[in-house]
Number of protein chains: 4
Amino acid sequence: MPDIVATHRLTDEGARKMLDAATQKAREIGKPVVIAIVDAGGALVAFLRMEGSRFLTSRPTIKKAVTAASHRLPTGFLKPEAELRMVLGMDNRLTNLPGGLPIVVGGEVIGGIGIGGAPPDEDIVIAEAALAALDR
Amino acid sequence: MPDIVATHRLTDEGARKMLDAATQKAREIGKPVVIAIVDAGGALVAFLRMEGSRFLTSRPTIKKAVTAASHRLPTGFLKPEAELRMVLGMDNRLTNLPGGLPIVVGGEVIGGIGIGGAPPDEDIVIAEAALAALDR
Amino acid sequence: MPDIVATHRLTDEGARKMLDAATQKAREIGKPVVIAIVDAGGALVAFLRMEGSRFLTSRPTIKKAVTAASHRLPTGFLKPEAELRMVLGMDNRLTNLPGGLPIVVGGEVIGGIGIGGAPPDEDIVIAEAALAALDR
Amino acid sequence: MPDIVATHRLTDEGARKMLDAATQKAREIGKPVVIAIVDAGGALVAFLRMEGSRFLTSRPTIKKAVTAASHRLPTGFLKPEAELRMVLGMDNRLTNLPGGLPIVVGGEVIGGIGIGGAPPDEDIVIAEAALAALDR
């Protein structure tokens, strides 16, 4: 294995396109949401809490993005019986709530997006719309 | 005094105009920054960490926005000898670093914006550009 | 600005070469140290606390690595009068102690290394020996 | 009982042999993992996050090592109905996730190793490979 490998990083330009596309899709559906985008290490890159969404939704939405970035999977992958111990083991940074998707570039995960505030299937649709806006 | 008074609230539409204007001004100046916008209660509404800024800058930038929203003043208003005791008294949510401005509508503070990562005077110029973008 | 930019990532292979080189240099000098290596987002990649070093040294050593990775500079860059407010603003994740160096590949910072436990100039010499071991 | 008793301590030399053996076994199996080694007091001695493992895995892996060192048992020893109250009682430093093993020398526990990121039975196999590398 080499000492250093090539990878990619999402820019603020890309993050803002994702915010825009998510907002537009959320308005189309008529569900105000919170949008969070994190980098490959789970640090926040962009965030928007839409008018009409709930302020307590901010935390789990950031966790959705972090979980998808870390585990390179859409959130909700844990079996119900494993959920609590994993959440506690990871100091409550992980969530099993659906609505988080990894940001994949060339087969590699470079971050995550979380959407919160709509029903789970619509959170996912909004996250997918955000990913589709990226110029890869 | 009445039991209830009228107030205003920043929407995500307004927050995004501020993100856009701050980003544009930061690029013009050539200094990548972190941008944070909070509501009248100090909760995050919008956030963007520009490509080239530093990840440790995120926390103090959010604090600048929170401090400006709470105290209804540009940050940096504390005398140096009062700074440490006030920061500690407020559980380190307040900062005296310049670069936070209140968002004022009709003489009323409805939130705060913080900019971090450029020299203090440029952080302030970028925050002012963001405020100027708001359609009041 | 593009939505996505190319970058690099340190592998565990590279991190272990750095641990080895730092350990060897520390033995040569005769000063047992703590060694911490973090990625571009400040998350721990590798850590070694040498026999004879002090257990309280672990925390500041990790902070040296995090600070160098975030600010893309050798630690110790803050003026003494700015130190406390910056440390508090960044929730005590930043340190101004010398002994942290950015890991630079092709002009880009992909992480940081911190060394703690020897006098500052020797911490730096050990960190430099670790960086020199990387096959870039 | 005497006032003071003899004991043993793992050196960085021993810890690095363990990191090497764990890494090699993990590669053999084809599962990238996080490796954490702590002393008899639960303080971190060595850590390595392998390329391809998940950053959220770092915390539970350190907890596995800490739990095994404290309780002198392989992790996973709690009955499911006792798990939550014990985890909470111990301020979430204990985990019941399998993959932590005590480091035993002459019948005495001198630390713990935690492996995280592979399925539980493979985490244990990798931890055992690390223990086997120690020259006792």
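What comes next concerns the included structure.

The rules behind each value
Residues numbered from 1 in each chain as written. Chains lettered and ligands numbered in written order. Predicted model: local features only at pLDDT ≥ 70, side-chain atom pairs only at ≥ 80, totals over all residues. Heavy atoms only, no water. Least-squares fit on C-alpha atoms with pLDDT ≥ 70 in both. Contact = heavy atoms within 4.5 Å. Buried < 20%, exposed > 50% of the residue type's maximum accessible area, 1.4 Å probe, protein only. Helix = DSSP H or I, 4+ residues; strand = E, 2+ residues; numbered from the N terminus. Pairing = 2+ DSSP bridges. Axes fitted to C-alpha atoms, helices over the stretch in contact; angles between N-to-C directions. Parallel < 35°, antiparallel > 145°, perpendicular 65-115°, else oblique. Left-handed = near helix turned anticlockwise from the far one by under 90°. Nonpolar A, V, L, I, M, F, W, Y, C, P; charged D, E, K, R; others polar. Buried area = accessible area lost by both parts, 1.4 Å probe. Salt bridge = Lys/Arg side-chain N within 4 Å of Asp/Glu carboxyl O. Polar contact = N/O pair within 3.5 Å; in protein donor to acceptor, adjacent residues only side chain to side chain.

**Thoughts on the relation of the copies chain C and chain A**
Turning to step 1, where the next piece is worked out: When chain C is fitted to chain A, the best match, at an RMSD of 0.0 Å, comes from turning it 180° and sliding it 0.0 Å along the axis. The symmetry that links the two subunits is that of a two-fold axis.
Turning to step 2, where the next piece is worked out: Interface residue correspondence from chain C to chain A reaches 100%, placing this contact among same-surface, isologous pairings.

**Focus: the pairing of strand β4 (residues 108–116) of chain D**
All names here are of chain D.
Turning to step 1, where the next piece is worked out: Most of β4 is tucked away: 8 of the 9 residues are buried.
Turning to step 2, where the next piece is worked out: Pairing between strand β1 (residues 34–39) and β4: 6 bridges, direction antiparallel. Bridged to Asp39 within β4 is Gly111.
Turning to step 3, where the next piece is worked out: Two strands pair when backbone bridges link them, and strand β3 (residues 100–105) and β4 are joined in this way by 6 bridges, in the antiparallel orientation. When the bridges of β4 are listed, Val105 appears paired with Glu108.
Turning to step 4, where the next piece is worked out: Hairpin connection, β3 to β4: the antiparallel pair is bridged by 2 residues, and Gly106 has positive phi, about 55°.

**Thoughts on the packing of helix α1 (residues 12–29) of chain A against helix α1 (residues 12–29) of chain B**
Turning to step 1, where the next piece is worked out: Running from N to C, α1(A) and α1(B) cross one another at 165°; their axes reach a closest spacing of 13 Å. Taken as axis vectors, α1(A) and α1(B) run roughly antiparallel relative to one another. Crossing of α1(A) against α1(B): the hand is left-handed. Across from A:Asp12, A:Glu13, A:Arg16, A:Leu19, A:Asp20, A:Thr23 and A:Arg27 in α1(A), the residues of α1(B) making contact are B:Asp12, B:Glu13, B:Arg16, B:Leu19, B:Asp20, B:Thr23 and B:Arg27.
Turning to step 2, where the next piece is worked out: Here the contact of α1(A) with α1(B) is composed, by residue class, of 2 nonpolar, 2 polar and 10 charged.

**Overview of the interface of chain C and chain A**
Turning to step 1, where the next piece is worked out: On the chain A side, the residues contacting the 22 residues of chain C number 22 residues.
Turning to step 2, where the next piece is worked out: Of the roughly 1,800 Å² buried between chain C and chain A, counting both surfaces, carbon and sulfur atoms make up 57%.
Turning to step 3, where the next piece is worked out: Looking at the side of chain C facing chain A, the largest losses of area belong to C:Asp3, C:Ile4 and C:Arg9, adding up to 39% of the total buried there.
Turning to step 4, where the next piece is worked out: Run the count over chain C and chain A and you get 4 salt bridges.
Turning to step 5, where the next piece is worked out: With a closest N to O distance of 3.4 Å, C:Arg9 and A:Glu108 form a salt bridge.
Turning to step 6, where the next piece is worked out: Counting across the interface, chain C meets chain A through 13 residue pairs in polar contact (both at pLDDT 80 or more).
Turning to step 7, where the next piece is worked out: Of all the secondary-structure elements, those providing two or more residues to the side of chain C that touches chain A are β1 (4–10), α1 (12–29) and β5 (108–116) of chain C.
Turning to step 8, where the next piece is worked out: It is β1(C) that provides the largest number of residues to the side of chain C that touches chain A, a total of 7 residues.
Turning to step 9, where the next piece is worked out: Tallied by class, residues from the side of chain C that touches chain A come to 10 nonpolar, 4 polar and 8 charged.
Turning to step 10, where the next piece is worked out: Bridging between strand β1 (residues 4–10) of chain A and β1(C) involves 7 bridges; their strand directions are antiparallel. Among the inter-strand pairings, A:Arg9 is bridged to a residue of β1(C), identified as C:Val5.

**A look at the sheet that holds β4(D)**
Turning to step 1, where the next piece is worked out: Here we have 8 strands laid out as an open sheet, ordered β4(C)-β5(C)-β2(C)-β3(C)-β2(D)-β1(D)-β4(D)-β3(D), and antiparallel in their pairing. Edge positions in the open sheet fall to β4 (100–105) of chain C together with β3 of chain D, since each of these has one partner strand only. If you compare each strand with its neighbour and ignore which way they point, the axes differ by 20° on average.
Turning to step 2, where the next piece is worked out: Note: strand β2 (residues 34–39) of chain C against strand β3 (residues 44–49) of chain C, 5 bridges, orientation antiparallel. From the neighbouring strand, C:Ile37 faces β3(C), where its bridge partner is C:Ala46.
Turning to step 3, where the next piece is worked out: Its contacts with the sheet put helix α2 (residues 58–71) of chain C on β2, β3, β4 and β5 of chain C, and the angle it makes with β5(C) is roughly 160°.
Turning to step 4, where the next piece is worked out: Of the strands in this sheet, β1, β2 (44–49), β3 and β4 of chain D touch helix α2 (residues 58–71) of chain D, which is tilted by about 160° from β4(D).

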